Amino acid sequence: MNDRQRRTGIPLVPSSTNKSARRLPCPAGPHSALLLISPTWLVLGLLFLVPLAIMLWLSLQQRGLYGGIVAGPTLANYIRSFEPGYALIYARSAWIAVATTVICLLVSYPVAYYIALKAPPEKKHLLLALVVIPFWTSFLVRTYAWMFILRDQGVINSLLMALGVIHEPLTLLYTPLAVMIGQVYAEVPFMVLPIYASLEKLDRSLLEAARDLGASAAAAFWRVTVPLAMPGTVAGIMLVFIPSLGTFITPDLLGGAKGMLVGNLIQNQFGPALNKPFGSAVALVLTAFVLALLWAYATWAKRRGEEEAL
Amino acid sequence: MSDVILRFDAVEKHFDATPAVHGVTLDIRRGEFFALLGPSGCGKTTLLRLIAGFEQPDAGRVILDGVDMARVPANERPVNTVFQHYALFPHLTVTENVAFGLRYQSKIHDPESRIEEMLQLVRMEGLGDRKPDQLSGGQKQRVALARALILHPKVLLLDEPLAALDVKLRKEMQMELKTLQRRVGITFVFVTHDQEEALTLADRVAVMNLGKVEQVGTTEEVFERPKTKFVAEFMGAVNFFDGFVVRPEKMRLRVTAVEGAVETKVEGKVYQGGTTQWLARTMDGRLLTVIEQNDGVPDAVSRLKSGDRVWVKWEKRHEVPLQ
């Protein structure tokens with residue numbers, strides 16, 4: 001999960017207390033403050049900024065024979081990345097990311113709502129553990145497990161055939177449906193946890209107040225629960241949407257060769273296509289797009305915070 | 001139109017086998033300011049929640065203005081609540097909070113002026129655009145009142161309405177609440193553990209203990225004529241004799257033996273500002289509490305020290321028999 005936080009820059013649990021933490025004076029002066037954050041800069045620099053700089057440099061070079069590099073500098077890779085031929089891949093990626101996010105939201109909200117507000121208190125920890133337990137197994141292994149479930153002789157087809165529901169195996173694996181299932185399966189916990197955190201903080205007496213003032217259970221949900229859980233909901237949407245945009249393992253293993261996404265395109269350039277400069281350019285375009293989304297999110301969160309602080 | 005607005009008829013409520021409310025039968029009259037008074041865990045809040053519809057009775061009936069509330073959900077009951085910590089919606093402005101329930105009312109002609117009227121009534125005019133976290137405790141209280149009263153409930157429920165305020169503000173709000181209740185003429189039922197607050201605000205009080213109503217009556221009745229040991233103790237009458245009780249402020253200290261006075265020894269005194277509380281032990285070992293006015297006249301009593309002999313005198317008519 002930490003990996004996810006680092007990649008997307010969004011805390012899993014949206015904090016409402018950063019207002020008070022904003023201006024804490026450092027007791028030993030500004031220089032020691034710099035010293036204190038130096039490990040952060042070291043980690044960010046070595047693991048994030050340096051690789052990014054390498055990518056940036058690569059993206060401005062030209063492709064040589066057999067995966068080599070011919071010194072640029074050129075913008076050709078960026079220009080190529082906007083060629084109409086790639087539009088379908090981008091559109092498909094955006095579609096997968098949007099669909100994954102919407103389905104995850106629809107699946108996760110009731111789950112988070114149940115754990116936060118309805119489940120008996122002594123069961124909450126167990127239920128949360130069940131949400132997190134898939135992380136104990138490698139993502140790759142879990143995706144392979146889905147191949148065994150979805151393939152022609154897989155669990156679903158064997159079961160349906162044994163029950164006599166179908167006589168021919170259904171084609172499930174290597175379809176867009178399989179990609180969708182794998183994506184939603186992988187991303188659901190990242191939607192459940194922040195929504196849960198928001199709902200858990202919700203003051204129950206506000207729901208009683210809404211009921212007391214005449215609101216039905218549904219009206220209380222839409223007028224009180226949903227707006228107050230919005231920070232967690234938006235965090236969940238970002239946490240699911242951004243990684244879904246760049247996913248490549250799920251479409252690679254479950255989607256086969258047909259449904260190439262931007263993640264696979266990038267991976268291919270570094271692998272079989274032997275074109276690291278172009279791969280870097282596409283990756284950076286994707287990064288820029290994600291940063292723009294994050295900036296929009298930060299602006300929204302800041303405005304909301306200011307509204308609350310007014 | 002019946003004089004009774006709210007009736008509890010043999011109401012029972014248990015939480016995991018612990019009785020929270022046990023056989024409560026109680027009438028609350030139209031237009032009165034009624035207090036449910038008792039220590040924490042006595043069932044007073046559960047009683048309030050049974051009226052609001054947040055809890056359902058295990059047995060018995062809650063009858064509001066002649067209608068059995070058994071099948072009426074909370075949002076359809078003609079009662080509104082001022083919550084202990086006000087439960088204002090933090091994402092809505094003062095005006096939006098006050099207007100929250102209006103859309104569920106059948107006929108509202110001119111909601112804006114009604115909101116404005118309400119804000120004026122609770123002296124919050126001009127603050128309609130604020131969010132709850134920009135308000136002081138007293139202001140939040142007023143918004144909570146406006147939000148509930150705008151719906152013209154048959155009964156307004158208040159859960160420890162003043163507990164979250166500091167002492168000075170509490171005194172102010174007590175007077176405001178009292179005035180407000182007179183002005184709107186709505187039946188107020190409030191829960192408190194503070195007997196002084198109950199006496200100040202309420203017309204009538206039900207003193208509760210262990211899920212049961214110990215005594216119901218006017219504030220004066222409950223204060224002057226407690227029926228049970230518990231009520232007497234809870235209302236501060238601590239001088240128990242066999243079968244009767246005498247309030248400490250009804251007793252006088254005498255430095256010489258007078259007829260009918262009980263001989264005691266001074267054990268201590270507590271200066272309380274307007275009054276001084278004396279502790280005196282009788283010859284048969286009973287500890288008495290006597291409250292004397294600090295009237296500023298230096299007399300023999302005010303010079304008494306621990307160990308001094310003193311006679312405690314009271315009148316027969318101040319002896320309150322207990323059940």
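Below is a short write-up of the structure.

Description of the pattern of salt bridges
Alright, step 1. This structure, assessed with the given rule, holds 22 salt bridges over all chains.
Alright, step 2. The salt bridge involving Lys124(A) is made with Glu200(A); its shortest N-O contact spans 3.0 Å. With Lys124(A) in helix α6 (residues 124-132) and Glu200(A) in helix α9 (residues 176-201), this pair connects stretches of sequence that are 76 residues apart.
Alright, step 3. For the salt bridge of Glu196(B) with Lys171(B), the shortest nitrogen-to-oxygen distance reads 3.3 Å. A residue pair is termed long-range when its members are at least 10 positions apart, and Glu196(B) in helix α6 (residues 195-201) and Lys171(B) in helix α5 (residues 167-184) qualify at 25 residues.
Alright, step 4. Exposure remark for Lys171(B): the relative accessible area of 43% places this residue in the partly exposed category.

Focus: the sheet that holds strand β17 (residues 309-313) of chain B
Residue and element names in this part refer to chain B.
Alright, step 1. Strand order across the open sheet formed by five strands is β13-β17-β14-β15-β16, with antiparallel pairing between neighbours. Two strands close off the open sheet at either side, each with one partner strand: β13 (252-254) and β16 (287-293). Here the average twist between neighbouring strands, direction ignored, is 45°.

Here we look at the side chain of Asn97(B)
All names here are of chain B.
Alright, step 1. Tracing the chain through its elements places Asn-97 in helix α2 (residues 94-99).
Alright, step 2. Residue classification places Asn-97 among the buried positions, given a relative accessible area of 0%.
Alright, step 3. With residues up to four places along the chain from it excluded, the contact list for Asn-97 reads Leu-88, Phe-89, Leu-92, Pro-132, Val-143 and Arg-147.

Observations regarding the environment of Leu288(B)
Residue and element names in this part refer to chain B.
Alright, step 1. Among the structural elements, Leu-288 can be located in strand β16.
Alright, step 2. C-alpha of Leu-288 to C-alpha of Val-266: the two residues are 22 residues apart in sequence and 9.6 Å apart in space.
Alright, step 3. Sequence-distant contacts of Leu-288, that is, excluding residues within four places in its chain, are made with Asn-239, Phe-241, Thr-264, Trp-278, Leu-279, Ala-280, Thr-282 and Val-312.

Notes on the interface of chain B and chain A
Alright, step 1. Contacts between chain B and chain A engage 24 residues on the former and 20 residues on the latter.
Alright, step 2. In this assembly, chain B packs against chain A so that about 2,000 Å² is buried in total across both faces, 55% of it on carbon and sulfur atoms.
Alright, step 3. Summed over the shared surface of chain B and chain A, the result is one salt bridge.
Alright, step 4. The shortest N-O distance in the salt bridge between Glu208(A) and Arg49(B) comes to 2.6 Å.
Alright, step 5. The interface formed by chain B and chain A includes seven residue pairs in polar contact (both at pLDDT 80 or more).
Alright, step 6. When contributions to the side of chain B that touches chain A are tallied by element, the ones reaching two or more residues are α1 (44-52), β6 (79-82) and α4 (137-149) of chain B.
Alright, step 7. Ranked by the residues each element gives to the side of chain B that touches chain A, the list is headed by β6(B), at three residues.

Regarding helix α7 (residues 139-150) of chain A
Side chains three or four residues apart in an α-helix point the same way, a direct result of the helix having 3.6 residues per turn.
All names here are of chain A.
Alright, step 1. The end-to-end C-alpha distance of α7 is 17 Å, a good match for the 16 Å that 12 residues give at a rise of 1.5 Å each.
Alright, step 2. Turning to α7, its buried residues are Arg-142, Thr-143, Trp-146, Met-147 and Leu-150. Along the axis of α7, the buried residues cluster in a sector spanning 160°; they form a single face.
Alright, step 3. Where α7 is buried, its residues meet α8 (155-162), α9 and α13 (249-254).

Definitions and limits used
Residues numbered from 1 in each chain as written. Chains lettered and ligands numbered in written order. Predicted model: local features only at pLDDT ≥ 70, side-chain atom pairs only at ≥ 80, totals over all residues. Heavy atoms only, no water. Salt bridge = Lys/Arg side-chain N within 4 Å of Asp/Glu carboxyl O. Helix = DSSP H or I, 4+ residues; strand = E, 2+ residues; numbered from the N terminus. Buried < 20%, exposed > 50% of the residue type's maximum accessible area, 1.4 Å probe, protein only. Pairing = 2+ DSSP bridges. Axes fitted to C-alpha atoms, helices over the stretch in contact; angles between N-to-C directions. Contact = heavy atoms within 4.5 Å. Buried area = accessible area lost by both parts, 1.4 Å probe. Polar contact = N/O pair within 3.5 Å; in protein donor to acceptor, adjacent residues only side chain to side chain. Expected span 1.5 Å × (residues − 1). Arc of directions from axis to C-beta.

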